[in-house]
Amino acid sequence: RSFEPSRVLMDYDLSNNSIIGTTSNVRTLRLRRADMPKIAHHVFVDGNEVEITKGTTEIVIQKDRNWRQISPVSLTEKNPSRSGGFKDVFRNRIVFVYGTGGSVEAKRWARAKAVFDAETFYYRGNGSVDVLPDSEFDPRRFRDRNVLLYGNSETNSAYAKLISNPDVELKLGQLRVGTQQIDGDDLSVAFILLRKDSLIASVGVIGGTGEIGMRLCDRMPIFVS
């Protein structure tokens, strides 16, 4: 659960070369065998014994219903180098890309909002951001850089190039997160996801389900504590 404390308490039992511990709000845990006084043969976490493969240099375990050993964490998943929240998008030489699709008002809003945010970032943080329309955005040119999209999947053509998360869908008239779907043209949203064509970059979205929702983003306090 994002933004809630995580806790790990681990003890090493030298008498039988075992690790015993408890966790809270942790899904994946990595233990390096080089840091252990002896190679652990048994791992007990939250009352669950985990079967450990011999010969590995590190132990990576993950909790679904119970803890189990997995291969090293895939960089295509959420990891310490890109784990959110939303303000994490302003790293990796971020690029602002505004949508040129949709109504005249939607086009005007996307460009104005992107330019306004770039100027705010320049004034408040001495940061220079590249700002360009989706029609000029080439993912290869901006490889491994974070991208902030303005609009939605139907008004910003860069959306499909960077996002392939089936759990989030933002389009005209509808917002869906997981199984929850909300209809209307007055919804505004800001979210961050993994950039699908990179192992280190993220992509953020500021937009709405219609012109009303997009305008609601104008006072979104993304540059204050």
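In case you missed it, the structure is sitting above this.
Quick look at the structure, then. (Residues numbered from 1 in each chain as written. Predicted model: local features only at pLDDT ≥ 70, side-chain atom pairs only at ≥ 80, totals over all residues. Heavy atoms only, no water.)

### Observations concerning the pairing of strand β10 (residues 147-150)
- Judged by which residues are buried, β10 turns out to be covered on both faces: V147 and L149 on one side and L148 and Y150 on the other are all buried.
- Pairing analysis gives four bridges linking strand β8 (residues 95-98) to β10, with the strands arranged parallel. Opposite V95, over in β10, you have V147 as the bridge partner. (Buried < 20%, exposed > 50% of the residue type's maximum accessible area, 1.4 Å probe, protein only. Helix = DSSP H or I, 4+ residues; strand = E, 2+ residues; numbered from the N terminus. Pairing = 2+ DSSP bridges.)

### Things to note about the packing of aromatic side chains
- What the rule picks out here adds up to eight aromatic pairs.
- When the ring of F90 is compared with that of F223, the centres are 5.3 Å apart and the planes differ by 45°; the resulting orientation is tilted. Of the two residues, F90 is situated in the loop between β7 (67-69) and β8 and F223 in the segment after α3 (211-216); the sequence distance between them amounts to 133 residues.
- Under the relative-accessibility criterion, F223 is labelled partly exposed at 21%.
- Relative to F223, the ring of F121 has its centre 5.7 Å away and its plane inclined at 25°; by these criteria the two rings are stacked. Taken as a pair, F121 in helix α1 (residues 104-125) and F223 in the segment after α3 lie far apart in primary sequence, 102 residues in all.
- Three or more aromatic residues joined by ring pairs make a cluster, and in this case those are F86, F90, F96, W109, F121, Y150 and F223. (Phe/Tyr/Trp six-rings, centres within 6.5 Å; stacked < 30°, edge-to-face > 60°.)

### Overview of the pattern of salt bridges
- Summed over all chains, the structure comprises 12 salt bridges.
- Here R1 and E4 are joined by a salt bridge, their closest N and O atoms 2.9 Å apart.
- The exposure class assigned to E4 is partly exposed, which follows from its relative accessible area of 42%.
- The partner of R195 in a salt bridge is D197, and the shortest N-O contact between them spans 2.6 Å. (Salt bridge = Lys/Arg side-chain N within 4 Å of Asp/Glu carboxyl O.)

### Here's the deal with the sheet that holds strand β4 (residues 42-45)
- Taken in spatial order, the four strands make up an open sheet running β1-β2-β4-β5, and their pairing is mixed. Strands at the two margins of the open sheet, each flanked by one partner only, are β1 (7-13) and β5 (48-50). Each adjacent strand pair in this sheet contributes to an overall mean axis angle of 20°, direction not counted.
- Bridge count between β1 and strand β2 (residues 18-24): seven bridges; the pairing is antiparallel. Bridge pairing links V8 to T23 in β2. (Axes fitted to C-alpha atoms, helices over the stretch in contact; angles between N-to-C directions.)

Keep in mind these numbers describe shape, not what the thing actually does.
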